[in-house]
Amino acid sequence: MTSDPRGVAGYCRAVPQDREPRINPSILSADFANLQAELDRISTADAAHVDVMDGHFVPNLTLGLPIVEALQRVSPIPLDCHLMIDDPDRWAPAYAEAGAAGVTFHAEAATAPVKLAREIRKAGGRAGIALRPATPVEPYVDLLGEFDMVLVMTVEPGFGGQGFLDVTLPKIRRARAAIGDSGFDVRLQVDGGVSASTIERAAEAGADVFVAGSAVYGADDAAAAIGELRHLAAAACRH
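As the structure is a computational prediction, the values presented were derived from the model and not from experiment. (Residues numbered from 1 in each chain as written. Predicted model: local features only at pLDDT ≥ 70, side-chain atom pairs only at ≥ 80, totals over all residues. Heavy atoms only, no water.)

Side note on the UniProt feature "binding site: a divalent metal cation" (unreviewed entry) in the protein chain
UniProt's entry tags His49, Asp51, His82 and Asp191 with the feature "binding site: a divalent metal cation" (unreviewed entry), counted in the numbering of this structure. Across 143 residues of sequence, these annotated residues stay compact in space, with a maximum C-alpha separation of 10.5 Å. Within the secondary structure, His49 sits in strand E2 (residues 48-53). When neighbours within four sequence positions are excluded, His49 is seen to be in contact with Asn24, Pro25, Ser26, Ile27, Asp80, His82, Gln189, Asp191 and Val211. Look at His82 and you get buried, because its relative accessible area is 0%. Side-chain polar atoms of His82 contact the side chain of His106, separated by 2.9 Å. (UniProt positions renumbered as here; feature names shortened; annotations may be inferred. Helix = DSSP H or I, 4+ residues; strand = E, 2+ residues; numbered from the N terminus. Contact = heavy atoms within 4.5 Å. Buried < 20%, exposed > 50% of the residue type's maximum accessible area, 1.4 Å probe, protein only. Polar contact = N/O pair within 3.5 Å; in protein donor to acceptor, adjacent residues only side chain to side chain.)

Focus on unusual backbone geometry
Non-glycine residue Asp87 carries a positive phi angle of around 55 degrees. With relative accessibility at 38%, the residue Asp87 sits in the partly exposed group.

Some words on the UniProt feature "binding site: substrate" (unreviewed entry) in the protein chain
Sequence positions flagged by UniProt for "binding site: substrate" (unreviewed entry) are, in local numbering, Ser26, His82, Gly158, Phe159, Gly160, Gly161, Asp191, Gly192, Gly193, Gly213 and Ser214. Considering the arrangement of structural elements, one finds Gly158 in the loop between strand E6 (149-153) and helix H6 (169-182). Classification of Gly158 as buried rests on a relative accessible area of 2%. Looking at where Gly192 falls in the secondary structure, it is placed in the loop between strand E7 (187-191) and helix H7 (199-205). Discounting residues that sit within four places of it in the chain, Gly192 has contacts with Thr154, Val155, Phe164 and Val211.

Considerations on helix H9 (residues 222-236)
A rise of 1.5 Å per residue sets the reference length of H9, with its 15 residues, at 21 Å; its end C-alpha atoms lie 21 Å apart and thus fit the reference within 8%. Those residues of H9 that fall on the buried side of the exposure criterion are Ala222, Ala225, Ile226, Leu229, Leu232, Ala233, Ala234, Ala235 and Ala236. Capping of H9 at its N-terminal end is provided by Asp221; its side-chain oxygen lies 3.2 Å from the backbone amide nitrogen of Ala223. (Expected span 1.5 Å × (residues − 1).)

Details of helix H4 (residues 88-97)
Buried within H4 we find Pro88, Ala92, Pro93, Tyr95 and Ala96. Looking down the long axis of H4, one finds its buried residues gathered within 150 degrees of arc, a one-sided arrangement. Along H4, the residues that are exposed and aim more than 90 degrees away from the buried face are Arg90 and Glu97. Looking at the buried positions of H4, the neighbouring elements they touch are E2, helix H3 (65-74), strand E3 (79-84), strand E4 (102-106) and helix H5 (113-122). Gly99 sits one or two positions beyond H4 and adopts a positive phi of about 110 degrees. (Arc of directions from axis to C-beta.)

Comments concerning the sheet that holds E6
Spatial strand order, E1-E8-E7-E6-E5-E4-E3-E2: eight strands in an open sheet with parallel pairing. Either end of the sheet is taken by a strand with one partner, and the two such strands are strand E1 (22-25) and E2. When the angles between neighbouring strand axes are averaged without regard to direction, this sheet yields 25 degrees. In the sheet, strand E5 (residues 126-131) pairs with E6 via four bridges, with the strands oriented parallel. Paired with Gly128 across the two strands is Met149, which belongs to E6. (Pairing = 2+ DSSP bridges. Axes fitted to C-alpha atoms, helices over the stretch in contact; angles between N-to-C directions.)

Remarks on the pattern of salt bridges
Taken as a whole and judged by the stated rule, the model has ten salt bridges. A salt bridge links Arg230 to Asp46; the nearest nitrogen and oxygen atoms lie 3.0 Å apart. Here Arg230 is found in helix H9, whereas its partner Asp46 is found in the loop between helix H2 (35-41) and E2, with 184 residues between them in sequence. Glu138 is the partner of Arg174 in a salt bridge, and the nearest nitrogen-oxygen pair spans 2.8 Å. In this pair, Arg174 sits in helix H6 while Glu138 sits in the loop between E5 and E6, placing the two residues 36 residues apart along the sequence. (Salt bridge = Lys/Arg side-chain N within 4 Å of Asp/Glu carboxyl O.)

Here it is as structure tokens:
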């Protein structure tokens, strides 16, 4: 097997130099009895990552559109909605209509991803496509112009607190290379097991948006945890 001539640093350099890493804490790790206060705790983040699970696409059941509408009214930062649901073709545009800044649906669940992405954008949201760890990025490379973000899951979707899967790093690198070659302005998000001990590896592979749950909400000072993660991600691509 030959080594990749670009190397890890090559992918890192493919991230535009003026693009600061974004930290989107997942409220899946928050106190659901005090969500407004929990959103205020992460007011220094770039967005609040909202995991919507229906108990079908993934075994867990969390919250839906009415809660997102309520969160939108009180959140000090934009909402980044990640839909782990069946039939996103039917439901996803409503989350953009409710005011979510970004709506990401799973490639494995969507019937017409291009049509759906255009509907999300028409409704005022940024459209993202999510890939489970075993789902290859290559079938979606030609569609990159239809999306604002690609989400590479670094754990199996459904539950918080899982360990980061290093086997996803090659896919992150391939996704970063494809985005760089496409010329489109597409963010590359990772979600699952992101912490101070793993974020540098994900950043070096090419990710520029990081979802962190327990690493932020489990800290005594959420703002300090957000700042540390942002610093580590930025520093990883300066070496």
